[in-house]
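Now for the letters of each chain:
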Amino acid sequence: MLQNLISLQAGAPTGGGLSGIFMIVILIAIFYFMMIRPQQKKQKEIKKFRESLSKGDNVITAGGIYGKIKEIRQDSFLITIADGVCIRVDKGSIYPNAADAQNDTETKKD
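Starting afresh in each chain, residues are numbered from 1 along the sequence in its written order. Per-residue local features are limited, in this predicted model, to residues with pLDDT of at least 70; the limit for side-chain atom pairs, both in listing and counting, is 80 or more; totals at the level of whole chains, interfaces and linings are taken over all residues. Side-chain figures throughout are based on the complete set of non-hydrogen atoms in the structure, without hydrogens or water.

**Some details on the overall build of the protein**
Looking only at helices and strands, the protein features three helices and four strands. Only runs of H or I of at least four residues qualify as helices and only runs of E of at least two qualify as strands under DSSP, and these elements are numbered from the N terminus. Secondary structure elements of the protein, listed N to C terminal, follow the sequence α-α-β-β-β-β-α. Only protein chains enter the accessibility calculation, which uses a 1.4 Å probe; a residue is then buried when its area is under 20% of its type maximum, exposed when over 50%, and partly exposed in between. The 110 residues of the protein split such that 15% are buried. Expressed as a percentage of contacts within the protein between residues at least 6 apart in sequence, the contacts between residues at least 24 apart total 31%. Only the protein chains shown count as cover for residues, and all accessible areas are computed by the Shrake-Rupley method using a 1.4 Å probe. For the protein, the exposed surface amounts to about 8900 Å²; the carbon and sulfur share of it is 59%. Note on contacts: a residue pair qualifies if any of its non-hydrogen atoms lie within 4.5 Å across the two residues.

In structure tokens, the structure reads:
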């Protein structure tokens, strides 16, 4: 039985090593360009948006709270959500489509 196994292994073609590595490299490249690179680009855009926010900008938080930036601190924003009502929100919970969402809701009300 052992001799049959050895003879079967000896007769198997061994030329597929290089093409197998080539296919793995191609799959990794496709994965990078289809998944990883767009995510990194999106994160850079979000970071740029958060850095460009200034006092008086209308924003929407991750929790869906609409407000206006009253003060910018090192790691958070102070947002006015009603007359005399301010909340502190972490910078990570403000998203780029916030200004667009605010404008869309204002135009729908008019």
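**Some details on the pattern of salt bridges**
We define a salt bridge as a side-chain nitrogen of Lys or Arg found within 4 Å of a carboxyl oxygen belonging to Asp or Glu. For the structure shown, the criterion picks out one salt bridge. Between arginine 73 and glutamate 71 there is a salt bridge, and its shortest N-O distance comes to 3.1 Å. For arginine 73, a relative accessible area of 30% gives the class partly exposed. In this structure glutamate 71 comes out as partly exposed when scored by relative accessible area, which is 34%.

**What to know about the sheet that holds strand 1 (residues 58-60)**
A pair of strands is labelled paired if DSSP reports no fewer than 2 bridges between them. What the four strands build is an open sheet, ordered 1-2-3-4; its pairing is antiparallel. Pairing within the sheet leaves two strands with one partner each, and these edge strands are strand 1 and strand 4 (85-90). Neighbouring strand axes in the sheet, compared pairwise and without regard to direction, differ in orientation by 50° on average. Where strand 1 meets strand 2 (residues 66-72), three bridges bridge the pair, whose relative direction is antiparallel. In the sheet register, isoleucine 60 faces strand 2, and the bridge partner there is tyrosine 66. Between N-to-C directions, angles cover 0 to 180 degrees, with each direction set by a line fitted to C-alpha atoms, over the stretch in contact for helices.

**Some points on the nonpolar core**
Definition used in this section: a nonpolar core is a set of buried Ala, Val, Leu, Ile, Met, Phe, Trp, Tyr and Cys residues joined via side-chain atoms within 4.5 Å. Core analysis: the biggest nonpolar cluster contains eight residues, these being Phe49, Leu53, Val59, Ile69, Phe77, Ile79, Val89 and Ile94. Setting aside chain neighbours within four positions, we find isoleucine 79 in contact with Val59, Thr61, Gly67, Lys68, Lys70, Val85, Cys86, Ile87, Val89 and Ile94.

**Focus on a nonpolar patch on the surface**
Nonpolar side chains (Val, Leu, Ile, Met, Phe, Trp, Tyr) within 5 Å and like charges within 9 Å form the patches, drawn only from residues with over 30% relative accessible area and no salt bridge. Residues Phe22, Met23, Ile26, Leu27, Ile30, Phe31, Tyr32, Phe33, Met34, Met35 and Ile36 make up a contiguous nonpolar surface patch of about 1100 Å² in total accessible area. As for its position among the elements, leucine 27 is in helix 2 (residues 17-52).

**Looking at the side chain of serine 76**
For serine 76, the location among the structural elements is in strand 3 (residues 76-82). With sequence-adjacent residues up to four places away left out, serine 76 is seen in contact with Arg88, Val89, Asp90 and Lys91.

**Observations concerning the packing of aromatic side chains**
For this analysis, a ring pair means two rings from Phe, Tyr or Trp (six-membered ring only for Trp) whose centres lie within 6.5 Å, classed as stacked if their planes differ by under 30 degrees, edge-to-face if by over 60, and tilted for the remaining angles. Per the stated rule, a full pass over the model turns up one aromatic pair. Between the aromatic rings of tyrosine 32 and phenylalanine 33, the centroid separation amounts to 5.1 Å while the plane-to-plane angle is 80°, which identifies the pairing as edge-to-face. Taking relative accessible area as the criterion, tyrosine 32 reaches 33% and is therefore assigned partly exposed. The rule for a charge over a ring is simple: NZ of Lys or CZ of Arg within 6 Å of the ring centre, and within 35 degrees of the ring normal. Above the plane of the ring of phenylalanine 77 lies lysine 91, whose end atom (NZ or CZ) is 5.6 Å from the centre.

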